[in-house]
Amino acid sequence: MQEIEVTINGTRYQEMVEPRMLLSDFLREVCGLTGTHVGCEHGVCGACTIVLDDAAVRSCLIFAVQSDGRNIRTVEGLAHTGELTTLQKNFKENHGLQCGFCTSGILMAATDFIEKKPEADSQEIKEMLSGHLCRCTGYDGIVKAVEKTMEENKKSVKELNT
C-alpha cells in the first residue's frame, strides 16, 4: 500500500492505495465519486475522462499513485454551486445526452476544450469528440451544445467588457 494525497473538486483526500489501482477505480471506489464512468478500460471510449492538472485525461490509463499531489476535476465538480453549468444546461436543451453513460467524460473533455479553445469551430469540436464513443446521440446535439456554450461565453465576456 502507498499513501497518496490528492485534491479532487477542491477537497483534499489522503488515502492508502494499492500501487496498481487505477485512478478511475480510486475515484469511484475509494472517494465515492461515481460520476466518472468506466467503459472500455483501454482509454478508447472516453467515458472515464477527468481533468488532471488542467488537462483532460483518461482516468483508466493512470494509476492512482500517479495522481499524488495533483488536482483533479470530475463531473461532480462542474456544478459545485448546485446549479448546472452553461455546458450542462446546453447538453440538456440540445439533446446532447440520452442514456448518459458517456456524458460525464464528454462534459469533462468539452469543459477543458472550451477553456483552452474558446474560439474553436465545429470541425475542431468534432475532432475533440472523436475520442469519445456515444452509442445514443449521433453527436449532433453534443456539437450544438458545445457551440452554444461557446457563443454564450463570448456574449458574457463581451457584456463584461462594456
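Not measured: the values here are computed from a predicted model.

(A) Summary view of the pattern of salt bridges. A complete count under the given rule lists 11 salt bridges for this structure. Lys154 is the salt-bridge partner of Glu119, the closest N and O atoms lying 3.6 Å from each other. With Glu119 in the loop between α3 (103-116) and α4 (122-129) and Lys154 in helix α5 (residues 140-160), this pair connects stretches of sequence that are 35 residues apart. You can call Glu119 exposed: its relative accessible area is 59%. Between Glu152 and Lys148 there is a salt bridge, with its nearest N and O atoms 3.9 Å apart. Here Glu152 and its partner Lys148 are both found in helix α5, four residues apart, which amounts to about one turn of the helix.

(B) Structural view of α4. Listed in full, the buried residues belonging to α4 are Ile125, Met128 and Leu129. In an axial view of α4, the angular spread of the buried residues amounts to 95°, which keeps them on one side of the axis. Here the buried face of α4 lies against α3 and α5. Where α4 begins, the side chain of Asp121 points an oxygen toward the backbone nitrogen of Gln123, at a separation of 3.2 Å.

Conventions and cut-offs
Per chain, the residues get numbers from 1 upward, laid out in the order the sequence is written. Reporting of local features is limited, given that this is a predicted model, to residues whose pLDDT is at least 70; pairs of side-chain atoms are given and counted only at 80 or more, and all residues count toward the totals for whole chains, interfaces and linings. Calculated side-chain values reflect all of the structure's heavy atoms, with hydrogen atoms and water omitted. The salt bridge criterion pairs a side-chain nitrogen of Lys or Arg with a carboxyl oxygen of Asp or Glu, the two atoms within 4 Å. Numbered from the N terminus, helices here are DSSP runs of H or I no shorter than four residues, and strands are runs of E no shorter than two. Exposure categories follow from relative accessible area, calculated using a 1.4 Å probe and restricted to protein chains: below 20% of the type maximum is buried, above 50% is exposed, and the middle band is partly exposed. Our arc is simply the arc of the directions from the helix axis toward the C-beta atoms. We call two residues in contact whenever any of their non-hydrogen atoms come within 4.5 Å of each other. Polar contact is the term for a pair of N or O atoms within 3.5 Å; when the atoms are in protein, one must be able to donate a hydrogen and the other to accept it, and sequence-neighboring residues count only if both atoms are side-chain atoms.

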